[in-house]
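Each chain, letter by letter, is given below.
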Amino acid sequence: MSNNVLPAGSPWSAFSGPNLGYVLEQYDLFLQSPEEVEPELVELFQAYGGPVFADGQQPVATAAVTGTGDYKKVLAAVKLAESIREYGHLAADLYPLKNRQLDTSRIEESVFNLTASDLQAIPASVFFANVPAGVTNGKEAIDYLKSVYTDKIGVEVAHLQNPEERAWIEAQVEGGTFKKTLSADEKKAVLERLTRIENFEKFIHKTFVGQKRFSGEGLDTQIILLDEIIKSAEAKGVKNVRIGMAHRGRLNVLTHVLNKPYDMMFSDFAHVSNDLFFPEDGKLEITKGWTGDVKYHMGASYTHDSGLNVKLAYNPSHLEVGNPLVIGSVRAAQDDVSETGVAKHDPSNAFGIILHGDAAFAGQGIVTEGFNFSQTAGFKTGGTVQIIANNMIGFTTELHDSRSSNYSSDPAKGYDIPVIHVNADSPETVAAVGRFVAEYRAKFKKDIVIDLIGYRRYGHNETDDPTVTNPETYKLVAKHEPIRALYGAELAEAGVMSADEVKALDTAIYAEMQAAYDHVKEMAEKDEHVTPNMPEELKIEFPEIDTKVDAERLAKVNEDLLVFADGFEPQNKLGKILAKRRDAFADGKIDWGHAETLAYATITQDGTPVRFTGQDAQRGTFSQRHLVLHDKNNGSEFTPLHHIEGAKASFSVYNSPLTEAGVVGFEYGYNLENQNVLSVWEAQFGDFANMAQVMFDNFISSARAKWGQKSGFVLLLPHGYEGQGPEHSSSRMERFLQLSAENNWFVANCSNAGNYYHLLRRQAALLGTEGVRPLVVVSPKSLLRHPLAAATAEQLANGRFQEVIEQEGLGKNTEAVEKVVLGTGKVMIDLAERVKDGEGLDHLHIVRVEQIYPFPAQQVKDIIARFPNVKEIVWVQEEPKNQGSWTYVLETLYDIAEGKKVRYVGRPAMSSTSEGDGDSHKAAQAKLVNEALEK
């Protein structure tokens, strides 16, 4: 039988005669009793199936003779080829400093008992679906595979579960995608780019001696990589590219990718206002806060002539923590929130690029948090391009102390993500990788990792001497020519440019930078050194916003929420609970989840989209919310908020992965990108927010002051002492209060569902204004269904958010009041239960502080002033004395008291947040309630 009867790329094409007959017999046996078949054949049957014609019919063996036992050579050759594809990266020329031992042990012919003559006897079609030009036999095929898999790239795809995906990548590698020859003009353009990249670093190094810049030298080609990815995106009609990175190399990215002019960048080093050098074409945008930040944390946005917008996210020195913000901003740029229902997601609108350090990629868990949610419904973006800017070193830490894996990229393989390693000293290969990853993302809509392997020319920063801790590495660095020089010499040797032309280009670009700096020095005299100030709109502590809703409209919304799709049957118990909401609306017993749902419904009617996520956001951790209903018969979902008459915007609610830092960052990034969306995240329990503390510290509390980044992001943190132990009592509100300053956010602890309703509506109304700021809500657990925390329809329709609420039944005899008790949250309902109608408590008045920050000092002061005989002001809280609000409010209370006694009532200072058992909790809670009320 002729070999060409079988499809190309199948090992069976090498067989005919008795060998083919033998394989057919073994395949029949494999189908019945695979354990009786030789392991080598089992592997091939599993990979390729049995021998078939090109038209799908099984062949019939002929009498042709090729020699018994030859099939084993074919099997060995196929395994060798697969081993090259799988392990060639271990032998690839990936390391510019040549400081890693290469491993060829898995790709040598001798390991498979093969000789050159054995391979020459095998057709090339055994190894390829499409045989490369010039390859005629197995020996040439193996040599070709080695040439592509051990060159300047290393490909890891054996772990991929989708065979189509793996085959496509291998076809790109073997089809010459990474060996495309550039034209002379393209080569010259690459050299010019490298010359600018190097001279920018060199000029700053010489001109601003000792100033930190966190140079990207040694990985100069990361700019080339970004160039190609962005150009490919532009050609595909992508509208937005979002980039995230830490500080190393950031200044070069700002300058050469975001097009921040040289003089504008140099002015930052020269301490001259960069506003003097702002381009007039409007393509570059930079936001600034009033406290500011170091230059290598700043971001920018640039719009190309095509309309493509490229944005580099602002980022603190906490390396990888900005990753989820970038991914969230991409999702926001992809979502259409203008219509009712869930936001419409189109991943072709935008994509993200994240640059990681090698030590950080392997070491920071937030990297894998992003991988984990990258394919989930609420958080997928159609693939993020993940670039490891691989210096092969940490601050001073060598690889063996940095990780337990071979490559820093290895964590990605657990998430079915391909990895492409590339030598950073090969600019043309790097450019090809950039074009390839853009194609991959467009086709498979998945993340991909590029491990750009280079080195770090200087220490961790420009004042650091790396020879102290890494002498061997830096001996190699000292001898190694920069990539510009290497590539320039390569072009000169190839006759693309002369050596003199290469030198002249270098001299001209350096002179261009000198001229830019001379311009900065000239303009310095015009610099008025204006100190930025907080926006006036942000100085308003208590914005007066009308949050009323017409009563008839509200009643209609309530009815809409109780209408299900035809044939939809909720679970019996839940159906009854929801049905009671009709009566609750009429009876004035609207509980927390009901009021919240009405708030979201009216907010979308007002034209503001809502995005709500959390680990159990759809149902609610305490089974209080039920935004998404499930049919009891078939599990189908129904979202009542998608069917509100008059709604003008989307409502999206997603259960999130068990990831606090990553999801909080994602949602905050989403809100930064689309500031007109009410973005809400709820912790399963308030203390779970501990895992996202870095997001609160470095972004949410401070980004407006540092970088001018506006946000109306909402955090819901379930909090309250119900005897559930230390981990499910406190949301650690003291940490948020400690971060409170400059009206950077609101911190509220509502005790009433109606007040919460108006708080959400106030927050939605602030979106898109200069006065917008995040909102931290210390939300309840036991109050979710407590009758004293319920709202009335009248309150929802005609009320407003009240920063303070006075306890009904108290304070009627103003002359008799000697003690004013202040507090916040659930403990105030504990007091209200005891107060009832106030009988026997003429000595007492109770004031609930619903908004702790900014603290409503004047309102509280005015209330106290009504009682001329007040002797003491008491702050009561259920949290320990060193936690909760006490330490934050103390100074303000002294100011308000004007000489009156100020006293604390609550648990003593504790190292834990609460008692560990219910009985101890009840005793402590009863004690503090009694003490607060006593005369």
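Residues numbered from 1 in each chain as written. Predicted model: local features only at pLDDT ≥ 70, side-chain atom pairs only at ≥ 80, totals over all residues. Heavy atoms only, no water.

Re the packing of aromatic side chains
Two aromatic rings are characterised by how far apart their centres lie and by the angle between their planes.
Step number 1: In this structure the tally under the stated criterion is 41 aromatic pairs.
Step number 2: Note on F214 and Y296: the rings are 4.7 Å apart at their centroids and 75° apart in plane angle, and the pair reads as edge-to-face. Here Y296 lies in the loop between β3 (284-285) and β4 (300-303) and F214 lies in the loop between α7 (184-207) and α8 (221-235), a separation of 82 residues in the sequence. The exposure classification of F214 matches that of Y296, with both residues buried.
Step number 3: Ring centres of Y668 and F713 lie 6.2 Å apart, and the angle between their planes is 55°; this geometry places the pair in the tilted category. With Y668 in helix α22 (residues 660-673) and F713 in the loop between α24 (703-707) and β17 (714-716), the pair connects residues that are 45 residues apart, well separated along the chain. (Phe/Tyr/Trp six-rings, centres within 6.5 Å; stacked < 30°, edge-to-face > 60°. Helix = DSSP H or I, 4+ residues; strand = E, 2+ residues; numbered from the N terminus. Buried < 20%, exposed > 50% of the residue type's maximum accessible area, 1.4 Å probe, protein only.)

Notes on the pairing of strand β5 (residues 309-312)
Step number 1: Summarising the sheet, strand β2 (residues 240-245) and β5 pair through four bridges and their orientation is parallel. Bridged to I243 within β5 is L312.
Step number 2: Pairing between β4 and β5: four bridges, direction antiparallel. Along β5, the bridge assignment pairs S301 with K311.
Step number 3: Counting the residues between successive antiparallel strands, the hairpin from β4 to β5 contains five residues, one of them, G307, with a positive phi of roughly 100°. (Pairing = 2+ DSSP bridges.)

What to know about the packing of α7 against α8
Step number 1: Their axes nearest at 9 Å, the elements α7 and α8 cross at an angle of 130°. Considering the angle they form, α7 stands oblique to α8. Crossing handedness for the pair α7 and α8: right-handed. Touching V190, R193, L194 and I197 of α7 are T221, I223, I224 and D227, all from α8.
Step number 2: For the contact of α7 with α8, the per-class residue count stands at five nonpolar, one polar and two charged. (Axes fitted to C-alpha atoms, helices over the stretch in contact; angles between N-to-C directions. Parallel < 35°, antiparallel > 145°, perpendicular 65-115°, else oblique. Left-handed = near helix turned anticlockwise from the far one by under 90°. Contact = heavy atoms within 4.5 Å. Nonpolar A, V, L, I, M, F, W, Y, C, P; charged D, E, K, R; others polar.)

Examining the pattern of salt bridges
Step number 1: Throughout the structure, instances matching the rule amount to 66 salt bridges.
Step number 2: Linking E228 and K231 is a salt bridge whose minimum nitrogen-to-oxygen distance equals 3.1 Å. Linking E228 with K231, this pair stays in helix α8, spanning three residues, or about one helical turn.
Step number 3: Given the relative accessible area of 13%, E228 is considered buried.
Step number 4: Close ionic contact of E872 with R903 constitutes a salt bridge, the shortest N to O distance being 3.0 Å. Of this pair, E872 sits in strand β24 (residues 872-880) while R903 sits in strand β25 (residues 901-907), and the two are 31 residues apart along the sequence.
Step number 5: By relative accessible area, E872 is classed as buried at 14%. (Salt bridge = Lys/Arg side-chain N within 4 Å of Asp/Glu carboxyl O.)

Thoughts on the sheet that holds β2
Within a sheet, adjacent strands bond to each other through the backbone by hydrogen bonds, running parallel or antiparallel.
Step number 1: Judged by pairing direction, the sheet is mixed, and its nine strands sit side by side in the order β1-β10-β11-β9-β8-β2-β5-β4-β3 without closing on themselves. Each edge of the open sheet carries a strand with a single partner, namely β1 (153-156) and β3.
Step number 2: Bridge count between β1 and strand β10 (residues 419-423): four bridges; the pairing is antiparallel. What sits directly across from E156, in β10, is V419.

A look at the nonpolar core
Nonpolar side chains in soluble globular proteins tend to be buried together.
Step number 1: Formed by 233 residues in total, the largest nonpolar core has its most connected members in V241, F266, I353, Y600 and M695.
Step number 2: At nine residues, the largest contribution of residues to this core is made by helix α3 (residues 70-87).
Step number 3: Dropping the residues within four chain positions of it, V241 is found in contact with I230, A233, L308, N309, V310, K311, F351 and I353.
Step number 4: Membership of the second largest hydrophobic core comes to 16 residues, among which are M828, L844, V905 and L928. (Core = buried A, V, L, I, M, F, W, Y, C linked by side-chain atoms within 4.5 Å.)

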